Amino acid sequence: MAELTLDKIAHSYMANPGGDQDYALKMIDNTWKDGGAYALLGPSGCGKTTLLNIISGLLTPSKGRVLFDGKDVTGLPPEKRNIAQVFQFPVLYDTMSVYDNLAFPLKNRGFNETDIDTRVREVAGILDLTDSLNKKAANLSADAKQKISLGRGLVRSDVAAILFDEPLTVIDPHLKWQLRCKLKQVHEQLKLTLIYVTHDQVEALTFADKVIVMVEGRIVQIGSPQELFENPRHKFVGYFIGSPGMNFLPCTLNGDRAMVDEVAIELDPETAALGKQASGKLELGIRPLYLDVNAQEVEGGILTRVKTVEDQGNYKIVTVILGSSHTLRARLPEGKPSPTEKAWIRFPKDWIRLFSDEILLT
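Here the structure is a predicted model, which means the values were calculated and not measured. (Residues numbered from 1 in each chain as written. Predicted model: local features only at pLDDT ≥ 70, side-chain atom pairs only at ≥ 80, totals over all residues. Heavy atoms only, no water.)

Peer 1: Sorry, what's going on with the nonpolar core here?
Peer 2: Nonpolar side chains in soluble globular proteins tend to be buried together. Counting residues in hydrophobic clusters, the biggest one holds 50 residues, and the most contacted among them are V120, I148, I162 and F164. When near neighbours in sequence (up to four residues on either side) are disregarded, I162 contacts A84, V86, G153, L154, L192, T193, L194 and I195. Counting residues in hydrophobic clusters, the runner-up holds 28 residues, among them A258, I302, L328 and L354. (Core = buried A, V, L, I, M, F, W, Y, C linked by side-chain atoms within 4.5 Å. Buried < 20%, exposed > 50% of the residue type's maximum accessible area, 1.4 Å probe, protein only. Contact = heavy atoms within 4.5 Å.)

So, in structure tokens, the structure goes:
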């Protein structure tokens, strides 16, 4: 296991890149702790896999250095970096038994038979593969094959890090949940450094201690799932995390009130003070979960027009129009009356966030 440092990393696939627009990765400079469980989260094309391939050694960055425990490994090939990588599709030997597939990385490194047997059986137990150890890999289900692929990464206790490149994409949704839980359990038991690439926020938030959110080749926030949800540092994080994502309303300030068209929304004094110091374009952000939706007029409620009500089972998503044309989504708890044509919305001050030029004011 190792502490991973990305020292001013940038990468372009062009021979002679010019400005930022020519770089797939744009100046990444941070350190990830030994033994942490990290998820690289972002939409397709944001640079997640490029960054993972730089960490693994499949790519050499155009700029900057990669360090494991302070040692510069930027020029080393993958086999010299002491990492394991698990890909989207299972990588295994179909004609071998499950046992031999799990043992293969250890045999290649000259481990003795006793140590190999101990480690293989330990990992098989963690992944619920013990009953399949003598079976040929070719005869197993897709999720079992991916478990073997995961096991081939986990079986080496001496690795600096294990890198996962969307390993559950081809797995059935119910089995995805089981494997995510299993990975979480593996991390808690073995304390390995795990880096998991995904575009699925559910996978990232349920797996990782720290989620690294990327967009357009940049890291815009690193934080716990709770930090990303409650205090997104960038508008993209607010929009991308959550289902539905955070509401954003363009606004101006009038004293301690945010003005959305002619609608006044009360702010707490601290939030208002932050807004008064900002010079960029202001937007009010609030999660659908925290909006208070009422079918009847209530004190402090703002009148809106109901556009749709979507039943999600144990809650409803109410979409309303605020002011002249601003769309707002709110989560209505089970058992609370659904509005029809009109709804009165209350904005709890504690959950209002102000953004200036898409950056959270703090």
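Peer 1: Please explain the sheet that holds strand β14 (residues 263-266) as it appears in this structure.
Peer 2: Strand pairing within a sheet occurs via backbone hydrogen bonds; the two strands may be parallel or antiparallel. If you walk across this open sheet you meet the three strands as β12-β13-β14, and the pairing is antiparallel. Only two strands of the sheet have a single partner each, and these edge strands are β12 (252-254) and β14. Along the sheet, successive strands turn relative to each other by an average axial angle of 40°, direction set aside. Bridge analysis of β12 against strand β13 (residues 257-260) gives three bridges, and the strand direction is antiparallel. Considered in β13, the bridge of T252 is made with M259. (Pairing = 2+ DSSP bridges. Helix = DSSP H or I, 4+ residues; strand = E, 2+ residues; numbered from the N terminus. Axes fitted to C-alpha atoms, helices over the stretch in contact; angles between N-to-C directions.)

Peer 1: What should I look at first to understand unusual backbone geometry in this one?
Peer 2: Generally, phi is negative for residues other than glycine and the peptide bonds are trans, each holding for most cases. Residue P244 is reached from S243 by a cis peptide bond, and omega for that bond is -5°. Counting through the fold element by element, P244 comes out in the loop between α8 (235-240) and β11 (247-250). Backbone geometry at D261 places phi at a positive 55°, although glycine is not the residue there. For D261, the position within the fold is in the loop between β13 and β14. With relative accessibility at 36%, the residue D261 sits in the partly exposed group.

Peer 1: Would you mind showing me how to read the pattern of salt bridges here?
Peer 2: By the definition in use, this model includes twelve salt bridges. Close ionic contact of K210 with E227 constitutes a salt bridge, the shortest N to O distance being 3.8 Å. Here K210, found in strand β9 (residues 210-215), pairs with E227, found in helix α7 (residues 225-230); they are 17 residues apart in sequence, far enough to count as distant. Across the pair D292 and K336 runs a salt bridge, and its minimum N-O distance is 2.7 Å. With D292 in strand β16 (residues 292-294) and K336 in the loop between β19 (326-333) and β20 (342-346), this pair connects stretches of sequence that are 44 residues apart. Connected through shared salt-bridge partners, D7, K8 and R65 make up one network. (Salt bridge = Lys/Arg side-chain N within 4 Å of Asp/Glu carboxyl O.)

Peer 1: Looking at this model, I keep getting lost on the packing of aromatic side chains. Mind explaining?
Peer 2: Counting across every chain of the model gives eight aromatic pairs. Judged by centre distance (5.2 Å) and plane angle (75°), the rings of F248 and F355 are edge-to-face. Taken as a pair, F248 in strand β11 and F355 in strand β21 (residues 353-356) lie far apart in primary sequence, 107 residues in all. Residue classification places F355 among the buried residues on the basis of a relative accessible area of 0%. Geometrically, the ring pair formed by Y290 and W351 is stacked, given 3.9 Å between the ring centres and 10° between the ring planes. Within this pair, whereas Y290 is found in the loop between β15 (282-286) and β16, its partner W351 is found in the loop between β20 and β21, the two being separated by 61 residues in sequence. Given a relative accessible area of 16%, Y290 falls into the buried group. Residue W351 is classed as partly exposed on the basis of its relative accessible area of 26%. Lying over the aromatic face of F248, K235 brings its terminal NZ or CZ to 5.3 Å of the ring centre. Positioned over the ring face of Y315 is R331, at 3.7 Å from the centre of the ring. (Phe/Tyr/Trp six-rings, centres within 6.5 Å; stacked < 30°, edge-to-face > 60°. Lys NZ or Arg CZ within 6 Å of the ring centre and 35° of its normal.)

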